[in-house]
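Working through the structure, step by step
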Amino acid sequence: MEQFGHDYARLCAAAGAAPQEAVLRRLREHDGARGRLDLAAQSLSLQTCSALGRLLHGAAPLAALALGDCGLSEEGALLLHGLCSNTTVKSLDLKGNNLRSMGAEALGKLLRQNKSIRSLTLEWNSLGMWEEGFSFFCQGLRANNALQRLDLRNNQINHQGAGELAVALTHNTSLQKLDLRWNNIGLLGGRALLSCLHSNKTLKRLELAGNNVPGDILKAVEQALDHNQDREVILSEAQNQVNILSKEVLSLKDEKNKQFMDFVDTVDKQKEERARSEKMSAARVSQLQEALDEQYSIMNSLKTKLQMTEAALALSEQKVRNLGELLNAMKQEQNCVAECHVRELQQQKQESADREGRLLHDLSAASEKNLLLRNQVDELERKCKVQQDQLFQVKQDLTNTTAELKLRAVEAEERLETEKRRYKQSLEDMESLRIKEVKMGFLQHPGFSLSLELGQVKAAALTERGQAEEELIKVRSQARLEEQQRLEHLEEKLRLMTESRDEAQNCCLKQKEMVAEAQAKAKQLSLYADGLKRRLDELQQDLDSKEEEKVTELNKVKLELQEQIGHLEAERTAQDGLREKIAALERQLKALSSNHREALLDKEGEISLLLEKLRMKEAEISRVREEEAQRASFLQNAIMAYVQGSPLGTHSSRK
């Protein structure tokens, strides 16, 4: 409130006047919590009133202003002009200020423009003495719709002022308490005020004591005020009931809306769950369909690989047959060569026998040539030594060839052992891969590794066959060369001496050994071919077992698919159940909405009944008012007739 005092001092200084110390002290002592400024019994100057009027303009920090007994006559107009635009002052006390015509006009302007003052105290101001000013005040009261309490005690209001007040009260709809005690209203003013109460429904209290108003009029006024109070009570009760009913209706609507929203939320959640389940089922069906397609593709690839393996097996069997035919042809050729050698040896034996006979004949005939023959024998002995050396070299060559053949046989056996170990290792790898695939749950093609192994076996068989053919070709070439050399040596030996026959026999024995070795090799090759056949049989058995496993796995997959289809059907039945539940919930929602509508209709019916009762009460009140008005008119007529018939009435009529 210090700022308010500074502003007051500043405005006084601007007007060229000194601020009043009492006013400054009251401004400093102002209770800001209650918002009340008490300047009662302070003589306010014109400059102070103008400064306060400027300070109270707008939203001043005041709720109550007490200016009683301040001696405001014409100076109060300046202060009241400042209050016209004030929006915070609720209570104004102007008791005992001797306000005159200008003050009444200022009060009328204040009531016309101010919308915040609820209580106005104008006791001891003699406003009724100035008819024009009081009429202007009544016009302001007529236009005001905010004032609730008005104190006009001891203002010398006559019956004319009461009539103007009655006209203002007929249009005022906010004033609830009016104090007119100790004025000069009289009978006519009381009648005017009584007549205005028929149209004014808000005035609850009217004080008319000390105004020379008859008792019946006072009673009529009290009855009218009681009617207003009853009407106000009934209206307040009806309004309370309407408010209670509206609150109940709003609460019911809120509850129904909440229930409806909860139901809608549950339905939306169920729909979302249903859509989610449908999406999951669709995704699951698509996954199962993809798995089926993959299984079908795997089956088709397995079938194609089986066909390829069968074709490869057929080719390998055909190759084995061809190798068998080649072996048979080789055996036949070897037999033919052996027979030819035997025939040649027999011929050579016969020729040697003939030659021996001839030589014996020649020896008996040519004893003379003994010396020559001895010389020849010496030469032949030398030749024999040379031939023995050659035979020794041939034996060494044979030993070397046999050693080479043995080495080759050992290498072939080592190759066979390595191939066997490799095949066992591949089988172990296949078994480990198959175990891993079974553990991981994937369906890989089992025939791929078998096809690889078959290819490896075929490659090994082809390489071994090529090696065997090369060795056979080498053996044939070596045999042919050796046969040619042996034939040449045999011819030379048969020509020279009998020792060549022994050499030929040795050569025959060697050839027989070579044939035996070739037969042994042929047997080994046949045994190797039998081993390959057994391996092919084992591979076929493995393929059959893999096919059986594949069939079992396919059956398992079919069973799983059937189980999944059963689960999907169960989910579909569950979805149908959910749909039925949703339909039941929708039916329940419809039933609830119908019940809600029926409840609303019932509440509306009850409201209409209450309104009808209210109308009946108002009609009854209007009827009572009419009866009271008729009684008052009868009483007034009787009083007038009595007054006119009395000597007081004749005297007044003469005047």
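Please refer to the structure placed before this passage.
Here's what I pulled together on the structure shown here.

What counts, and where the lines are drawn
- The residue count restarts for each chain, going from 1 along the sequence in the order it is written.
- Two thresholds apply to this predicted model, a pLDDT of at least 70 for residue-level local features and 80 or more for giving and counting side-chain atom pairs, whereas whole-chain, interface and lining totals are computed over all residues.
- Water and hydrogen atoms were dropped before computing side-chain values, which therefore reflect all heavy atoms in the structure.
- Salt bridge, as applied in this entry: a Lys or Arg side-chain nitrogen positioned within 4 Å of an Asp or Glu carboxyl oxygen.
- Under the DSSP-based scheme used, a helix requires at least four consecutive residues in state H or I and a strand at least two consecutive residues in state E, with every element numbered from the N terminus.
- For every residue, the accessible area (1.4 Å probe, protein chains only) is compared with the maximum for its type, and the residue is labelled buried under 20%, exposed over 50%, or partly exposed between those bounds.
- The aromatic pairing rule takes the rings of Phe, Tyr and Trp, using the six-membered ring of Trp, and pairs them if the centres are within 6.5 Å, calling planes under 30 degrees apart stacked, those over 60 edge-to-face and the rest tilted.
- Each ring is checked for a lysine NZ or an arginine CZ that lies within 6 Å of its centre and within 35 degrees of its normal; such an atom marks a charge sitting over the ring.
- To define axes, lines are fitted to C-alpha atoms, for helices over the stretch in contact only, and angles between the resulting N-to-C directions are given on a 0 to 180 degree scale.
- With respect to orientation, any angle under 35 degrees is reported as roughly parallel, any angle over 145 as roughly antiparallel, any angle of 65 to 115 as roughly perpendicular, and every other angle as oblique.
- Put simply, a crossing is left-handed when the front helix is turned counterclockwise from the back one by less than a right angle, and right-handed when it is turned clockwise.
- The contact criterion used throughout is that any non-hydrogen atoms of two residues lie within 4.5 Å.
- For this classification, Asp, Glu, Lys and Arg are treated as charged, while Ala, Val, Leu, Ile, Met, Phe, Trp, Tyr, Cys and Pro are nonpolar and the rest, including Gly, are polar.
- For this analysis, a nonpolar core means a set of buried residues of the types Ala, Val, Leu, Ile, Met, Phe, Trp, Tyr and Cys, connected via side-chain atoms within 4.5 Å.

1. With respect to the pattern of salt bridges
As a working rule, side chains carrying opposite charge can pair if their charged atoms are close by. Counted under the stated rule, the structure contains 11 salt bridges. Here R10 ties to D7 by a salt bridge, and the two come within 3.7 Å at their closest N and O atoms. One end of the pair, R10, and the other, D7, are both in helix α1 (residues 2–14), 3 residues apart, so they sit about a helical turn from each other. What makes D7 buried here is its relative accessible area of 17%. Here R153 ties to D151 by a salt bridge, and the two come within 2.9 Å at their closest N and O atoms. Residue R153 shares its accessibility class with D151, and that shared class is buried.

2. Considerations on the packing of aromatic side chains
Under the criterion given, the structure shown has 1 aromatic pair. Looking at R112, its charged tip hangs above the ring of F136, at a distance of 4.8 Å from the centre.

3. Quick look at the packing of helix α6 (residues 131–143) against helix α7 (residues 159–171)
Two numbers describe how α6 lies on α7: the axes approach to 8 Å, and their chain directions differ by 15 degrees. It follows from the interaxial angle that α6 and α7 lie roughly parallel. As for how α6 packs across α7, the hand of that crossing is right-handed. Residue-level contacts link E131, F134, S135, C138, L141 and R142 of α6 to Q160, G161, E164, L165, V167, A168 and H171 of α7. A class-by-class count of the residues in the contact of α6 with α7 yields 6 nonpolar, 4 polar and 3 charged.

4. As for the nonpolar core
Side chains of nonpolar character tend, in soluble globular proteins, to be buried together. Within the largest apolar cluster, 70 residues are counted, with the highest numbers of intra-cluster contacts made by L94, L122, L150, L152 and L180. Residues in contact with L150, not counting those within four places in the same chain, are L120, L122, F137, L141, L175, K177, L178 and D179.

5. What to know about the environment of A168
Within the secondary structure, A168 sits in helix α7. Distance in space between the C-alpha atoms of A168 and N211 is 19 Å, their sequence separation being 43 residues. Residue contacts for A168: discarding those within four places in its chain leaves C138, L141 and R142.

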